[in-house]
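So you can see what is in the structure, the chains are spelled out below.
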Amino acid sequence: STKTEIEGEDEMIPVWQVHSELKEQKDQSKLYQVTRKEWYERASLSVKQDSLRSIRNQYNEKDVEYKQAKLQIDSIKITERHLMVQIYKKQLEVLKEMPVGRIWMETYVDLLKLLTFDGFDSIAQDIRSLYKKLSESDKQTGLGKICTEYMNLPVPIAEGDEMVDGDLFDVNGNLHHLSEFKGKYILLDFWSIGCGPCIASLPEMEEIIELYKGRMEVVGI
């Protein structure tokens, strides 16, 4: 058996002190301890944000007090994002030196998820470069396969890109292609007969079809 000691007096679990001989506990402690300062700052900002939300909710959107509280909340969100980037950067530095293991893999998967969001370009290359630490056997594990999927994300669609075409059939079984509408805007409406909101939106969709008639085609799939 292995003895583990945990020291903490607040709700900020990431900053608790953990003393253990277990490899996973040691690895987790390394990741948490290098970011203690940032986690404390984020907790303080969360308290301020909750207080400002309480103030904001007492007023209407047109009130000066509401607008001031909202501005402060937006400012705090920006600061929080910067703090999280600092946390991620420090985690990356630890992972560079830490041997690959379960905690390493779990942390790396969380970092790879950032590649699907905007605003993390400054650390995207560092995140990707860590993938080379994975051995072939690592890549065959469940977490390893998830890492590989995030490393091979589809290229985001950009304005002006060619649309992928395919066979589409109408209710009478006739074959159609999206290329038939080239030069027009196309709204793809994915729906199901078993979807209540989808059915409820049909009258509104008919209005949209009429409103943009001649300029946009609506294709229900």
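Coordinates for the structure precede this section.
Scope of this entry: the structure provided in the associated data block. (Residues numbered from 1 in each chain as written. Predicted model: local features only at pLDDT ≥ 70, side-chain atom pairs only at ≥ 80, totals over all residues. Heavy atoms only, no water.)

## Remarks on the packing of aromatic side chains
And step 1. Applying the stated criterion across every chain yields a total of 2 aromatic pairs.
And step 2. Ring geometry for Tyr88 against Phe120: centres 5.9 Å apart, planes inclined by 65°, an arrangement best described as edge-to-face. One end of the pair, Tyr88, is in helix α3 (residues 64–97); the other, Phe120, is in the loop between α4 (102–112) and α5 (121–129), with 32 residues separating them in the sequence. Just as Tyr88 is buried, Phe120 falls in that class too. (Phe/Tyr/Trp six-rings, centres within 6.5 Å; stacked < 30°, edge-to-face > 60°. Helix = DSSP H or I, 4+ residues; strand = E, 2+ residues; numbered from the N terminus. Buried < 20%, exposed > 50% of the residue type's maximum accessible area, 1.4 Å probe, protein only.)

## Quick word on the packing of helix α1 (residues 23–33) against α4
And step 1. It is the contact of α1 with α4, at a shortest axis distance of 8 Å, that shows an interaxial angle of 40°. Taken together, α1 and α4 sit at an angle that is classed as oblique. For the pair α1 and α4, the contacting residues are Glu24, Asp27, Gln28 and Leu31 in the first and Arg102, Ile103 and Thr107 in the second.
And step 2. For the contact of α1 with α4, the class distribution of residues is 2 nonpolar, 2 polar and 3 charged. (Axes fitted to C-alpha atoms, helices over the stretch in contact; angles between N-to-C directions. Parallel < 35°, antiparallel > 145°, perpendicular 65-115°, else oblique. Contact = heavy atoms within 4.5 Å. Nonpolar A, V, L, I, M, F, W, Y, C, P; charged D, E, K, R; others polar.)

So, to be careful, I would describe these as geometric facts and stop short of saying anything about function.
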